[in-house]
Amino acid sequence: MRRLVIAGNWKMNKTPSETKAFLEALKPVVAGKDNCDIVCCVPATNLAIAVETAKGSNIKIGAQNVHFAKSGAYTGETSADMLVDLGVEYVIIGHSERRQYFAETDETVNARVKAALEAGLKVILCVGELEKERDQGITAEILGKQTKVDLLDVTAEQMKNVIIAYEPVWAIGTGKTATNEQADEACGVVRAVVAELYGKRVADETIVQYGGSMNAKNCADLLKCENVDGGLIGGASLKTEDFGIIVDAAQ
Ligand code: PGA
């Protein structure tokens, strides 16, 4: 019932020229693979060339962050309207690296989510527990708090444009993937929180991805989990072959 979404998070990798070459190479690899949505979230400098290169293909382009203000004195930031005007369709918000290195909080994540939705962007909202939180047995509480605060004042109607990526922080870029059971259970917890906030119908329709060292080898099993509706992929999204295998697994 839910459509899978396979999204690459390139992080701070590839120049604009490398972006063009990569997407040119990726287009034939994923052509006709229409049983999932395919998104590449590229660095801000590469958005224009990415949108241009992906035109006419089944690859959608996303940004990795957006500011919460419409415009103004926010040196170095990018507004939602700027992204929309470029033809960008998606934006990742609240990635753990932004929370860890750029002082992102649930409150600023919430403000960014609202600004992005109001401008018409689709949001990939990242939530996930730290290793010590999992060890303490408080994963569900952490996911509940993040999901609730990050989605404060987001309407049920707007939830159509929200994807939630469950990304256990200990699994990101570490090669330590969550087991299928852990991924399925945590994505189920996120879905239950969405049900609590918006009711069962919205929860049943909300796409909940898994992210954290998903790769060409483990993707097929992870994507089979009932509550896992796709992946947010870092390292493995930087190679056309690996990303292509993950898209294939989502068919
Ligand atoms: P990874 O990154 O696949 O390299 O672990 C995932 C992410 O940060 O979204």
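Please refer to the structure higher up on the page.
My aim in this report is to walk through the structure given alongside it, one point at a time. The numbering scheme is per chain: residues are counted from 1 as the chain's sequence reads. Where totals are concerned, whole chains, interfaces and linings use all residues; where local detail is concerned, this predicted model gives features only for residues with pLDDT of at least 70, and gives and counts side-chain atom pairs only at 80 or more. Working from all heavy atoms in the structure, the side-chain values ignore hydrogens and water.

1. Describing the site of the ligand
- Only a single heavy atom is needed: when it lies within 4 Å of a molecule or strand, its residue is near that molecule or strand. Around the ligand, 13 residues are found, and the nearest of them are K11, H95, E167, G173 and S213.
- Contacts to the ligand include E167, whose side-chain N or O atom sits 2.7 Å from an oxygen atom.
- Identification of polar contacts relies on pairs of N or O atoms within 3.5 Å, with a donor-acceptor requirement for protein atoms, meaning one able to donate a hydrogen and the other able to accept it, and with residues adjacent in sequence counted only if both atoms are side-chain atoms. Within the backbone of G234, one N or O atom sits 2.9 Å away from an oxygen atom of the ligand.
- Computed by Shrake-Rupley with a 1.4 Å probe, the accessible areas treat only the displayed protein chains as cover when residues are assessed. The protein chains hide 95% of the 290 Å² of surface that the ligand would expose on its own.
- Any residue that is not Ala, Val, Leu, Ile, Met, Phe, Trp, Tyr, Cys, Pro, Asp, Glu, Lys or Arg is counted as polar, Gly included; the first ten are nonpolar and the last four charged. When the residues that make up the shell around the ligand are grouped by side-chain class, the tally is four nonpolar, seven polar and two charged.

2. Side note on the pairing of strand β2 (residues 36-41)
- Burial analysis of β2 places six of its six residues in the buried class, which makes it a mostly covered element.
- Of the two faces of β2, the one lined by C36, I38 and C40 and the one lined by D37, V39 and C41 are each fully buried.
- Here six bridges tie strand β1 (residues 4-9) to β2, and the two strands are oriented parallel to one another. For I6, the partnering residue across the bridge sits in β2 and is I38. When accessible area is computed with a 1.4 Å probe and restricted to protein chains, residues below 20% of their type maximum are described as buried, those above 50% as exposed, and intermediate ones as partly exposed. Under the DSSP-based scheme used, a helix requires at least four consecutive residues in state H or I and a strand at least two consecutive residues in state E, with every element numbered from the N terminus. One requirement defines pairing of two strands: DSSP has to find at least two bridges between them.

3. Concerning the pattern of salt bridges
- Only one rule defines a salt bridge in this text: a Lys or Arg side-chain nitrogen within 4 Å of an Asp or Glu carboxyl oxygen. With the rule as written, the count across this model stands at 23 salt bridges.
- The residue K114 makes a salt bridge to D153 at a minimum N-O spacing of 3.8 Å. Pair noted here: K114 is in helix α5 (residues 106-119) and D153 is in the loop between α7 (139-150) and β6 (162-166), with a separation of 39 residues, a long-range link.
- For K114, a relative accessible area of 24% translates into the label partly exposed.
- When its relative accessible area of 60% is taken as the criterion, D153 is described as exposed.

4. Topic: the nonpolar core
- Note on terminology: a nonpolar core comprises buried Ala, Val, Leu, Ile, Met, Phe, Trp, Tyr and Cys residues joined through side-chain atoms within 4.5 Å. Ranked by internal contacts, the top residues of the largest apolar core, which has 65 residues, are I6, L23, C40, I59, I61, V91 and Y210.
- Here this core gets six residues from one element, more than from any other, and that element is helix α8 (residues 180-198).
- The criterion used for residue contact is that any of the two residues' heavy atoms lie within 4.5 Å. In this structure, Y210 is in contact with Y166, P168, A171, T177, A178, A183, C187, L222, V228, G230, G231 and L232, ignoring residues within four places of it in sequence.
- With twelve residues, the next largest nonpolar core counts A7, V39, C41 and I163 among its residues.

5. Some remarks on the layout of surface pockets
- Its volume calculated, the largest pocket comes out at about 550 Å³.
- Here a cavity means grid points, on a 1 Å grid over the protein atoms only, where a 1.4 Å probe fits yet cannot get out; a pocket means an open set of points with protein on both sides within 12 Å along at least five of seven lines; lining residues are those with an atom within 4 Å of a point. Around the largest pocket sit 22 residues that line it, and A44, Q64, N65, R98 and F102 are the ones nearest its centre.
- Looking at which element gives the most residues to the lining of the largest pocket, the answer is helix α4 (residues 96-101), with three residues.
- Of the residues belonging to the lining of the largest pocket, the class tally is eleven nonpolar, seven polar and four charged. Grid points are joined across faces, edges and corners, and a volume is the space filled by probe spheres set on the points.

6. What to know about the pairing of β1
- Among the six residues that make up β1, six are buried, leaving the element largely enclosed by the rest of the structure.
- Where burial is concerned, the two faces of β1 agree: the one with L4, I6 and G8 and the one with V5, A7 and N9 are both buried.

7. Remarks on the sheet that holds strand β5 (residues 122-127)
- Reading around the barrel, the eight strands line up as β1-β2-β3-β4-β5-β6-β7-β8 and close back on themselves, with parallel pairing between neighbours. The average angle at which neighbouring strand axes cross in this sheet is 30 degrees, direction not considered.
- Where strand β4 (residues 90-93) and β5 come together, four bridges link them in parallel fashion. Considered in β5, the bridge of I93 is made with L125. Here the axes come from fitting lines to C-alpha atoms, over the contacting stretch only for helices, and the angles between their N-to-C directions go from 0 to 180 degrees.

8. Details of the packing of aromatic side chains
- Two rings belonging to Phe, Tyr or Trp (six-membered ring only in the last case) form a pair when the distance between their centres is within 6.5 Å. Interplanar angles under 30 degrees mark stacking, angles over 60 mark edge-to-face geometry, and anything in between is tilted. Considering all chains together, one arrives at three aromatic pairs under this definition.
- Pairing W10 with F22 gives two aromatic rings, centres 5.0 Å apart and planes at 80 degrees, and the pair type is edge-to-face. A residue pair is termed long-range when its members are at least 10 positions apart, and W10 in the loop between β1 and α1 (16-30) and F22 in helix α1 qualify at twelve residues. Residue W10 shares its accessibility class with F22, and that shared class is buried.
- Aromatic pair Y166 and Y210: ring centres 6.2 Å apart, planes at 55 degrees, arrangement tilted.

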